[in-house]
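As a plain string of letters, each chain reads:
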Amino acid sequence: MLTNRYSVNEKGHLTLGGADTVELASRFGTPLYVFDEDDIRGNCRSFREAFEKNYSLPCKVYYASKAFSCKEMYRLVDSEGLCADVVSGGELYTALAAGFPAEKIGFHGNNKTPDELAFALDSGVGRIIVDNIYELYTLNDLAGEKGKKPSVLFRIKPGIDCHTHEYIQTGQIDCKFGFALENGEAMEAVKIASAMDNISLVGIHCHIGSQIFETQPFIDAADIMVKLATDIRDTFGITLKEINFGGGYGIKYTEKDIPTEKDTDIKILCENVKLACERYDFPLPSLSIEPGRSILDASTLTLYKIGVVKTIKDIRTYVSVDGGMADNPRYALYGAEYEAVVANKADKPRDFTATIAGKCCESGDLIQEHTKIQTPQVGDTLAVLATGAYNYSMASNYNRLPRPAAVMVSGGNPRVIIERETYEDIIKKDI
Ligand SMILES: *Cc1c(COP(=O)(O)O)cnc(C)c1O
């Protein structure tokens, strides 16, 4: 199965990180998000150690917390020596509430409100990644009022397309995030910032996309970003000390996906930055990355109970589960692929073609269509694999469904890290 963290025990049950998923479902209820803590910690270490091995300056790994944001996740990545990237006041608030050190937080977003910028300044976040010229002026004014001088990176569109499900090396300018290179926008912004009293421009940032399996985009980004830093030095006499290359490292959602090793990705990035620095005669900058989904990786799943198996003759069989687009909107949004397993029959062949449907009042409320699972029956437990990233964080209360609980498994032992919402929670803000 997808990763070596999955197995099948003597009862024929699917296990993750040594925990029996059928037992997890009956003990904690369904739907249930399950995370493999040992694997997540291993992923944090792989990225961090790869930089230590391949680069002579200290580097930073920011966990892109939009992938899965909750207090325990911030504590976990903090204990592994990672930084965190947040993209909203809500994520920043969650991180701070978990005791995450503000100076290890990078604040992102293409439309940060003045309130969010003030919150970031007041809490002393380590880096603000400025997206556009309006933000730059607002931040400079706010920082002046507060007597602060934030360390800022500029988000650059490096001319490598930022569309999320396909890596395309064209159409670079058509992206809502960041300053463009080719029309001079980025250089103009540096000029403006260099004349500002309350902005300390320390680096540049790019994020070229998500679920990327090729190494070439990262090689291209290394060259483009070092060249930009060189142009900035030669034009304005400012030597930037930091380049952040964002996230985007792909994971194995299905057997078709072949991700590169984290170690290899980082080695290639480091080597190509070093080469570019030689090429342009630029001093080695400190590097950062922002992996999101690849920190959680494929060793995560959602457990559901099958409530209905509806076969429409000569058409298809709908297998309806007790969750759906409210806890995993990714298939409905953009056709994301997943593999599913009947957890209590994991030793049986997956030879049944099913369309997995949710319980929301939308025909498009599907988790996957025409996918292979074991022969399903009402009452079975269904596991949808690799749901750790962008599921809980995108979950809603559509149809007033309470959001599921989340458990972390370590050494085979589960513990609840997010409690299941109640009906009371759902009406809490209703007047
Ligand atoms: C979404 C995002 C990431 C993380 O992307 P993954 O594909 O989950 O690794 C990192 N940086 C920025 C700026 C992002 O928007």
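On a predicted model such as this, the values are computed, not experimentally measured, just so you know.

Counted at 1.5 Å a residue, the expected span for helix 2 (residues 37-54) with its 18 residues is 26 Å, and the 26 Å between its end C-alpha atoms agrees. Along helix 2, the residues classified as buried are Glu37, Asp39, Ile40, Asn43, Cys44, Phe47, Ala50, Phe51 and Asn54.

Okay, the domain arrangement of the protein next. Domain boundaries in the protein define domain 1 (6-30 + 299-427) and domain 2 (37-296). Of note, the centres of domain 1 and domain 2, computed from C-alpha atoms alone, are 33 Å apart. Facing 20 residues of domain 1, the contacting portion of domain 2 comprises 20 residues. Carbon and sulfur atoms supply 55% of the area that domain 1 and domain 2 bury against each other, a total of about 1,900 Å² over both sides. Linking domain 1 with domain 2 are three salt bridges. Among the ionic pairs, Lys256 bridges to Glu337, the shortest N-O distance being 2.8 Å. Summed over the shared surface of domain 1 and domain 2, the result is 11 residue pairs in polar contact (both at pLDDT 80 or more).

Quick look at the site of the ligand now. As a structural note, the neighbourhood of the ligand is formed by 15 residues, with Lys66, Ser210, Glu290, Arg293 and Tyr390 the closest of them. The side chain of Lys66 places a nitrogen or oxygen atom 2.8 Å from an oxygen atom of the ligand. In this structure, an oxygen atom belonging to the ligand sits 2.9 Å away from a main-chain N or O atom of Gly248. A total of 390 Å² of accessible area belongs to the ligand in isolation, and the protein chains cover 95% of it. Residue composition of the shell around the ligand, grouped by class: three nonpolar, seven polar and five charged.

Rules used in this analysis
Numbering of residues starts from 1 in each chain and follows the order in which that chain's sequence is written. Restriction of local features to residues with pLDDT of at least 70 applies here, the model being predicted, together with a cutoff of 80 or more for giving and counting side-chain atom pairs; totals for whole chains, interfaces and linings are based on all residues. The side-chain figures draw on all heavy atoms in the structure; neither hydrogens nor water molecules are used. The helix and strand labels rest on DSSP assignments: H or I over at least four residues marks a helix, E over at least two residues marks a strand, and numbering proceeds from the N terminus. The span expected for a helix works out to 1.5 Å for each residue beyond the first. With a 1.4 Å probe rolled over the protein chains alone, any residue whose accessible area is under 20% of its type maximum counts as buried; one over 50% counts as exposed, and the rest are partly exposed. Annotation comment: domain bounds sourced from an automatic or database domain assignment. Residues count as neighbours in contact if any of their non-hydrogen atoms are within 4.5 Å of one another. Buried area: the accessible surface (1.4 Å probe) lost by two parts on joining, summed over both. The working definition used for a salt bridge is a side-chain nitrogen of Lys or Arg within 4 Å of a carboxyl oxygen of Asp or Glu. For the purposes of these results, a polar contact is taken to be a pair of N or O atoms within 3.5 Å, where, inside protein, one atom must be able to donate a hydrogen and its partner to accept one; residues adjacent in sequence count only when each atom of the pair is a side-chain atom. Being near a molecule or strand, for a residue, means having at least one of its heavy atoms within 4 Å of it. The accessible surface values rely on the Shrake-Rupley method and a 1.4 Å probe; as for residues, cover is taken only from the protein chains in view. Polarity classes work like this: nonpolar for Ala, Val, Leu, Ile, Met, Phe, Trp, Tyr, Cys and Pro, charged for Asp, Glu, Lys and Arg, and polar for all others, with Gly in that last group.

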